[in-house]
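Architecture at a glance
Below are the chains, spelled out letter by letter.
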Amino acid sequence: MNTQPVPHELCTSMPGYLPLSAAEGLDDFRVEGSISVRSMLRELMSARAHVVLHTADERIHLLTHIEALEAEHLCLEVSGDPEHYDPLLNAYGLTLVGNTGAVKIQLTLETLALREDGHRYQLVARIPNYGWRVQRRNDFRVMPPADDQAMLFFRVGQGGEAQGPLHDLSAGGLCFYWPRNIPAPKAGDLLRHCRIERGRGAALPCDLKVIRVTADQESGQWLISSRFDALPESVSRQIQIYVMDVERRIRAARSF
């Protein structure tokens, strides 16, 4: 596996490799202690997972993987001309993001050093004493509060559009109400060009694959369970942020 710089456009298309910020609820997933951070790094090593280094201005992205863990340092694989890594060596406050598919791990590295190991090189950084571990919870669903007025808009007939309230939402899919006066879809159907709208925030475009259709006796509508289909990373990120925001507000309401 060769280390290589990757352009921002490619980096944004790699699921789970963009840094999360505090404004996006990152601190809810903070992990303290060097032992815990080493455990997260071993998790990435065991999965042979890619990691991406981001400079603070996000102009430079480096795709690599963790090659070794030492008592106080982590070692990243590099290849090619060592002069190519000068911008990283001169940078301060880099962000390392790794993804095992089920877990996203994010660390802040103060500085990097280049170490020669025989005929090879490694980028070496001190292991920080804190980081963030974001568990992908595709099956963890939240019910948006009524104040959000969260709705799904979907195509019907020849160019028509209908809407139904969201029942619940997760990073992997959603459940919504389908009006009884419109023929319901069948399990396996694809619903193209849908969008999620709520009281705040931009609309979230999505395609959905219908998993289950049931009759809701209380509302007299169809309840459609679905999963996202080929969801772009930028939209997936915003949906995860919304799920985290709803969860946080629900917890806060319960604490009173």
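Residues numbered from 1 in each chain as written. Predicted model: local features only at pLDDT ≥ 70, side-chain atom pairs only at ≥ 80, totals over all residues. Heavy atoms only, no water.

Using the criterion set out here, one finds 12 salt bridges in the structure. Several salt bridges converge on common partners, so that one network encompasses D148, D245, R248 and R249. (Salt bridge = Lys/Arg side-chain N within 4 Å of Asp/Glu carboxyl O.)

Attention shifts here to the pairing of strand β13 (residues 160-169). Both strand β12 (residues 151-156) and β13 contribute to a ladder of 6 bridges, which runs antiparallel. If you follow M151 over to β13, its bridge partner there is P165. Taken together, β12 and the strand that follows it, β13, pair antiparallel across an intervening segment of 3 residues, in which G157 is found at a positive phi of about 60°. Bridging between β13 and strand β14 (residues 173-178) involves 3 bridges; their strand directions are antiparallel. Bridge pairing in β14 places L169 opposite L174. (Pairing = 2+ DSSP bridges. Helix = DSSP H or I, 4+ residues; strand = E, 2+ residues; numbered from the N terminus.)

Take the nonpolar core next. Ranked by internal contacts, the top residues of the largest apolar core, which has 27 residues, are L53 and L123. Looking at this core, the elements that each hand over two or more residues are α2 (34-46), β3 (51-54), β5 (66-69), β6 (73-78), β7 (94-99), β8 (103-109) and β10 (120-126). If we ignore the near neighbours within four places in the chain, the residues touching L53 are I60, H61, L62, L76, L94, T95, L96, L109, L112 and L123. Membership of the second largest hydrophobic core comes to 26 residues, among which are C206, L208, Y242 and V246. (Core = buried A, V, L, I, M, F, W, Y, C linked by side-chain atoms within 4.5 Å. Buried < 20%, exposed > 50% of the residue type's maximum accessible area, 1.4 Å probe, protein only. Contact = heavy atoms within 4.5 Å.)

Two elements, strand β9 (residues 113-117) and β10, share 5 bridges in a ladder whose sense is antiparallel. Bridging across to β10, R115 finds its partner in Q122.

Here the focus is the environment of V78. Considering the arrangement of structural elements, one finds V78 in strand β6. Remark: the alpha-carbon pair of V78 and L114, spanning 36 residues in sequence, is separated by 9.3 Å.

Of the pockets and cavities examined, the largest pocket occupies roughly 250 Å³. Taken together, 14 residues form the lining of the largest pocket, with L109, E110, T111, R126 and I127 sitting closest to its centre. Counting only elements with at least two residues in the lining of the largest pocket, the list comes to β8 and β10. Ranked by residue count, the leading element in the lining of the largest pocket is β10, at 3 residues. Grouping the amino acids of the lining of the largest pocket by side-chain chemistry returns 8 nonpolar, 4 polar and 2 charged. (1 Å grid on protein atoms, 1.4 Å probe; cavity = no way out; pocket = protein on both sides within 12 Å on 5 of 7 lines; lining within 4 Å. Points joined across faces, edges and corners; volume = space filled by probe spheres on them. Nonpolar A, V, L, I, M, F, W, Y, C, P; charged D, E, K, R; others polar.)

Per-residue pLDDT for the chain averages 85, and the proportion of residues at 70 or more is 89%. Highest mean pLDDT in the chain belongs to strand β15 (residues 190-197) (96); lowest belongs to helix α1 (residues 8-12) (47). Note on residues 7-13: pLDDT is under 50 here. Beyond four places in sequence and across chains, it has 12 contacts. (pLDDT = per-residue confidence, 0-100.)

The final tally for this structure, using the stated rule, is 4 aromatic pairs. Aromatic pair F154 and F176: ring centres 5.4 Å apart, planes at 50°, arrangement tilted. Of this pair, F154 sits in strand β12 while F176 sits in strand β14, and the two are 22 residues apart along the sequence. The two residues F154 and F176 agree in class, both being buried. Chaining the aromatic ring pairs together yields one cluster made of F154, F176 and W178. When the ring centre of Y130 is taken as reference, the NZ or CZ atom of R30 above it lies at 4.1 Å. (Phe/Tyr/Trp six-rings, centres within 6.5 Å; stacked < 30°, edge-to-face > 60°. Lys NZ or Arg CZ within 6 Å of the ring centre and 35° of its normal.)

Looking at the element boundaries, E161 is found in strand β13. The partly exposed category is assigned to E161, whose relative accessible area is 44%. In sequence terms E161 and C194 are 33 residues apart; their C-alpha atoms lie 9.3 Å from each other. The residues contacting E161, other than those within four sequence positions of it, are F153, F154, R155, V156 and R195. Among the polar contacts listed, one links the side chain of E161 to the side chain of R195, at a separation of 2.5 Å. (Polar contact = N/O pair within 3.5 Å; in protein donor to acceptor, adjacent residues only side chain to side chain.)

Below, the discussion takes up α2. Taking 1.5 Å as the rise per residue, α2 with 13 residues should run 18 Å; its terminal C-alpha atoms sit 18 Å apart, in good agreement. Along α2, the residues that are buried comprise V37, M40, L41 and L44. On an axial view of α2, the arc spanned by its buried residues comes to 95°, and they lie on one face. In α2, the exposed positions angled more than 90 degrees off the buried face are occupied by I35 and S46. After α2 finishes, the residue R48 shows a positive phi value of roughly 50°. (Expected span 1.5 Å × (residues − 1). Arc of directions from axis to C-beta.)

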